[in-house]
Amino acid sequence: MNCRWIVAIIAALLFVGGHVDDLRAETGHEGWLRYAPLERLAAQKYQTLPASVVVLGDSEISGVAQEELLRGVRGMLGRTLRAGKTQPKENAIVLGTLAELRAAAPGLRPSSELREDGFWLTTGNVGGFHSLIITAANERGVLYGVFALLNKIALDETLTSLNEVQQPFAPIRWVDQWDNLDGRIERGYAGRSIFFENGSVRADLTRVRDYARLLASIGINGCAINNVNADPRILEDSFLPQLARIADAFRPWGVRMSISVDLGSPKLVGGLDTFDPLDARVAEWWRTKVDEIYRLIPDFGGFVVKADSEGRLGPSTYKRTPSDAANVIAHALKPHGGLVFYRAFVYNHHLDWRDPKNDRAKAAYDNFHPLDGKFDDNVIIQVKYGPIDFQAREPVSPLLGALQKTNEAIELQITQEYTGQQRHLCFLPPMWKEVLDFDMHAADGRTPVRDLVAGKTFHRPTGGFVGIANVGLDANWLAHPLAMANLYGFGRLAWDPNLNPRAIAEEWTRLTFGSDPSMVRTIADMQLSSWQVYESYTGPLGAQTLTDILGSHYGPGIESSEQNGWGQWHRADHQGIGMDRSLATGTGYATQYSLPVAKLYESVATTPDELLLFFHHVPYTYVLHSGKTVIQHIYDSHYEGAERAAGYVQQWKLLQGHIDDERYQSVLARLEYQAGHAIVWRDAICNYFLALSGVPDTRGHAGNFPDRIEAEAMQLQGYVPVEVTPRENASAGRAIECLQAQGCAATFRFTRNPGWYELDVQYFDQNNGESRFRVLVNDQVVDQWVANDQLPATKIGADSSTRRRITGLALRPGDQIRIEGIPDREEHAPLDYVEIHPSPE
Ligand code: GCV
């Protein structure tokens, strides 16, 4: 029996028992809140669920909570609960705050005191009837309790003897959006803004309400809606009523709206001649503006501030400090209960790269640690998890352990800016979990990051978690159906950072796709390995994501990090690689950590392999803890990573027929693309370091492509060769393009043994044209397509490089293979190479 049959039989056996959801087409719009009908047996478990639901409060949130329960039960169990507002004369599900319940059930007390947003699911006697009770300290908590109950039903959990208290780990569980008022989203990969279009708030805010519902279901209680590179117009008087409409859409779901502001606003829109935070007129301007906002939006959350960073105005203009700037706004917000999220992402992007002591990684600590204790109590310092900028691997920011008298929140990135932009699979909770569990040794005993940011270690009044989400108008919010697990995972970890990523991945999969155990395992396995896989083909050993940092932050761009002021240096030269951040010989960054952590990173010997090049410059021949040399690790990890990315396609194919076709195909297309792009990454990095180090790959992979035929080596009709820069971003540094409107062709002869083959055509798909391609074998058309993917590139290079795989071709020696390309606008039907492999058995 051949392998293909074995795989098919295993697949069939794995899925015996099958799926219970019907396979109607789904866009992913419902996310994890699909409320898909339960299988008959599973549904029986909930037969004793009361037939009516009573809500004791009369707020909007209470109403929404009741409706959600009706919707969920109807969807999953096919029953419409009787909805009431007064104490029932029958068994019921009762929703209400503890205060509301007091009269009806005076003896009811949870075992521990409920904090804000915490809830209690229990059963008891209400008005003489046995009831299932969802109660909380506040209304938002009741809504969260409803979602928790529905989750239990969706996940087939028992409701008998229900007595469960859930409390959020931290008060701050927010998402930020980087939406511009014109409707674009900075680092957003899923369409345009759900909030803004053409300089105004959208007329139709249905998607905003749907978003708030998703957020509430995972316990997120705040959202800053606009780019931290803030447009000052957001504070214009005429804009505020528009903002109020968004806040109105959020409010029923308990999501507080906040906005990012430009610190220069008093001058830019306020008409003052200064924005000096210590000028009394500036303070007065903020106070008046904030009062006005609260008149329109009584539950307004506050302001996010990015200042003195990447060209933004800031207090340094007047030689003032971040605490001066934060506090003037905080004073204005304080009477209303508003917060200032002041971002620690403050650094000089004109650093002199020639000075080996300069180090961008030191900036956050250097700027904020001296101000510890100087910030008002309603200021939160929002700190990116690492000292650079959301790289696939960074050490934890030392600032997180260094603020003892200041509130802090950790900033994580849900939108995959440096981690594949939702075209590559990269499930981030395993990374976040490592960060949150990391012991900073900031005080006696264990001080994991999760406790520090939640304010537990140093008894701060507030703190927590902020995730940059950047959902867009795409039906499924984040473009890649599997990327929604990152939004879900962020919310779950913000609620309870002790959860484990596998549990999160499995839970998300069951809610999103159904509960077939093999399917759940397959998807969870893919998700859980994906961060490591992505890291392994995009940047080694803590040298950071070796991407084009001056442009899209997407494909490889190894030299873009070097010899400029941005400070994302990896310091690779002919002898070695890595940035020396030790005290003894480097920038001294390592000393920003507490002693035990600083000691760990100070020495090459004790620094973990995965961060070695972040902390040390070592020769390529340096031997890692793993026993490999650095250079061999670079080669091997990139080859293994690309292979594992290809494996995802095979794993996913096992799920065909068990997931609705729409989502199945959408994920498949992305995984196939990823498998091809992982090879682009692999080749760029391996070829670059092979050339730079001159050290050959002992396994003979790097620089060796036996199955490859370069386009420029084919017989060309109309096509002309072009040099590509940087050269590692195209195979052999060259490609071909067609400058004649009627089209061009590239031809070669097949010279190998007769048999079945697959042919990979590596071409470039820019977003400024839609070239057409045809592939012919001996004049027979075997494939044709239009290059119309939306990749972040307007020219030939690693961002646009992509692949078309043509499978099942019967080839004989002497066959002529011809690729025809017809250019369109700026895209000249560019081709890189062809690879021919025997078809897999
Ligand atoms: C919103 C990185 C991103 C920028 C982003 C910035 C920030 O530099 O590339 O797009 O700006 O971080 O977090 O402020």
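Structural notes, computed from the coordinates. All figures in this text were calculated on a predicted structure; none of them were measured in a lab.

Scanning the model with the defined rule gives 35 aromatic pairs in all. One aromatic cluster is present, formed by W285, W286, Y294, F300 and F303 through successive ring pairs. Positioned above the aromatic ring of Y347, the side-chain terminus of R360 is 3.8 Å from the ring centre. Above the plane of the ring of F614 lies R581, whose end atom (NZ or CZ) is 4.0 Å from the centre.

Moving on: the state of the cysteines. All chains considered together, the criterion is met by one disulfide. One disulfide in the model links C738 with C744; its S-S distance is 2.0 Å. Sign of the S-S torsion, about 75° for the bond between C738 and C744, identifies this disulfide as right-handed. Judged by its relative accessible area of 6%, C744 falls in the buried class. Residue C686 stays outside any disulfide, its sulfur separated by 19 Å from that of C426, the closest cysteine. What makes C686 buried here is its relative accessible area of 1%.

What follows is about the packing of helix α16 (residues 501–513) against helix α17 (residues 517–538). At their nearest, the axes of α16 and α17 sit 9 Å apart, and the two run at 130° to each other. On the basis of the axis angle, α16 is oblique to α17. α16 and α17 meet at a crossing whose hand is right-handed. Here P501, R502, A505, E506, W508, T509, R510 and F513 of α16 come into contact with α17, specifically with M519, V520, I523, A524, D525, Q527 and L528.

A separate point is the environment of Y46. Topologically, Y46 is positioned in the loop between α2 (40–44) and β1 (52–55). The spacing of Y46 and L159 is 113 residues in sequence and 7.7 Å in space, taken between C-alpha atoms. Those residues in contact with Y46 that sit more than four places away from it in its chain are L38, L77, R79, K152, I153, D156, E157 and L159.

This part covers α16. Compared with an ideal rise of 1.5 Å per residue, which puts 13 residues at 18 Å, α16 spans 18 Å between its outermost C-alpha atoms and is within 8% of the ideal. Considered for burial, the residues of α16 that qualify are P501, I504, A505, E507, W508, T509, L511, T512 and F513. Here the buried face of α16 lies against α5 (139–154), α13 (429–437), α15 (484–495), α17, α20 (630–653) and α21 (661–693). Looking at where α16 begins, the residue whose side-chain oxygen comes 2.7 Å from the main-chain nitrogen of R502 is N500. At the C-terminal side of α16, G514 shows a positive phi close to 125°.

The subject of this paragraph is unusual backbone geometry. Residue P726 is reached from T725 by a cis peptide bond, and omega for that bond is -10°. Unusually for a residue other than glycine, H459 sits at a positive phi of about 55°. Looking at the element boundaries, H459 is found in the loop between α14 (449–453) and β16 (464–468).

Below, the discussion takes up the sheet that holds strand β25 (residues 772–777). Strand pairing in a sheet relies on backbone hydrogen bonds. The paired strands run either parallel or antiparallel. Pairing within the open sheet is antiparallel, and its five strands lie in the order β20-β23-β28-β25-β26. Edge positions in the sheet fall to β20 (715–717) and β26 (780–786), since each has one partner strand and no second. Neighbour-to-neighbour, the strand axes of this sheet turn through a mean angle of 15°, independent of strand direction.

Next up on the list: helix α10 (residues 322–333). Given a rise of 1.5 Å per residue, 12 residues ought to cover 16 Å, and the 17 Å separating the end C-alpha atoms of α10 matches this to within 8%. In terms of burial, α10 is largely enclosed, as 10 of its 12 residues are buried. Along α10, the residues classified as buried are P322, S323, A325, A326, N327, V328, I329, A330, A332 and L333. The inward-facing, buried residues of α10 abut α9 (280–296), β12 (302–305), β13 (339–343), α11 (363–368) and β14 (379–384).

Parameters and conventions
- Residues numbered from 1 in each chain as written.
- Predicted model: local features only at pLDDT ≥ 70, side-chain atom pairs only at ≥ 80, totals over all residues.
- Heavy atoms only, no water.
- Phe/Tyr/Trp six-rings, centres within 6.5 Å; stacked < 30°, edge-to-face > 60°.
- Lys NZ or Arg CZ within 6 Å of the ring centre and 35° of its normal.
- Disulfide = S-S within 2.5 Å.
- Buried < 20%, exposed > 50% of the residue type's maximum accessible area, 1.4 Å probe, protein only.
- Axes fitted to C-alpha atoms, helices over the stretch in contact; angles between N-to-C directions.
- Helix = DSSP H or I, 4+ residues; strand = E, 2+ residues; numbered from the N terminus.
- Parallel < 35°, antiparallel > 145°, perpendicular 65-115°, else oblique.
- Left-handed = near helix turned anticlockwise from the far one by under 90°.
- Contact = heavy atoms within 4.5 Å.
- Expected span 1.5 Å × (residues − 1).
- Polar contact = N/O pair within 3.5 Å; in protein donor to acceptor, adjacent residues only side chain to side chain.
- Pairing = 2+ DSSP bridges.

Any functional reading would require information beyond the geometric quantities listed.
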